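Results of the structural survey
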Amino acid sequence: MNHDQNLFVQAEMHALLDELPAELIVRHPVQFLMHLDHVRQKATQHHLTALHDLSCALEAALQPAITNGGAATVVRFYLEAMRSTLDCEEISPAMTEALMANVALRLGGQP
């Protein structure tokens, strides 16, 4: 992908993530999950593996967070990590794991 295409993809993905405010998970969880699925599909389409993996991890983390409270906090931490993937040219699987571990630690859990 050339530089201009990368910038277009980055802008598109940032816009999609901006449409996912953390508070939406509390007010309209189904709508949030539909938007998250759209982000995941676009990440797959653009070969953004780290963004795809983080969106899957976010979805998995949401069920207990919705049940036990704190879903908006979980979403905020994951969205921050997801946005950071867009600022890098290419992210290795090890870097993706490091981002997920960072989120887990910030949430007070173990990676």
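Just so it is clear, the structure is predicted and the values come from calculations on it, not from any experiment.

In this section: unusual backbone geometry. Positioned with a positive phi, H47 is a non-glycine residue whose angle comes to about 60°. Within the secondary structure, H47 sits in the loop between α3 (29–45) and α4 (49–68).

This part is about the environment of L86. When you line up the elements, L86 lands in helix α5 (residues 71–86). With relative accessibility at 4%, the residue L86 sits in the buried group. Sequence-distant contacts of L86, that is, excluding residues within four places in its chain, are made with Q10, M13, H14, L17, L48 and L51.

Time to look at the pattern of salt bridges. Going through the model one piece at a time under the given rule, you end up with five salt bridges. Where D18 meets R83, a salt bridge forms, and the shortest distance between an N and an O atom there is 3.4 Å. Taken as a pair, D18 in helix α1 (residues 3–18) and R83 in helix α5 lie far apart in primary sequence, 65 residues in all. What makes D18 exposed here is its relative accessible area of 52%. Across the pair R76 and E23 runs a salt bridge whose closest N-O atoms are separated by 3.3 Å. Residue R76 is located in helix α5, and its partner E23 is located in the loop between α1 and α2 (24–27); the two are separated by 53 residues in the primary sequence. Judged by its relative accessible area of 41%, R76 is partly exposed. The class for E23 is partly exposed, based on a relative accessible area of 42%. What you see here is one network of salt bridges that share partners, running through D37, R40 and E59.

Quick notes on the rules
- Residues numbered from 1 in each chain as written.
- Predicted model: local features only at pLDDT ≥ 70, side-chain atom pairs only at ≥ 80, totals over all residues.
- Heavy atoms only, no water.
- Helix = DSSP H or I, 4+ residues; strand = E, 2+ residues; numbered from the N terminus.
- Buried < 20%, exposed > 50% of the residue type's maximum accessible area, 1.4 Å probe, protein only.
- Contact = heavy atoms within 4.5 Å.
- Salt bridge = Lys/Arg side-chain N within 4 Å of Asp/Glu carboxyl O.

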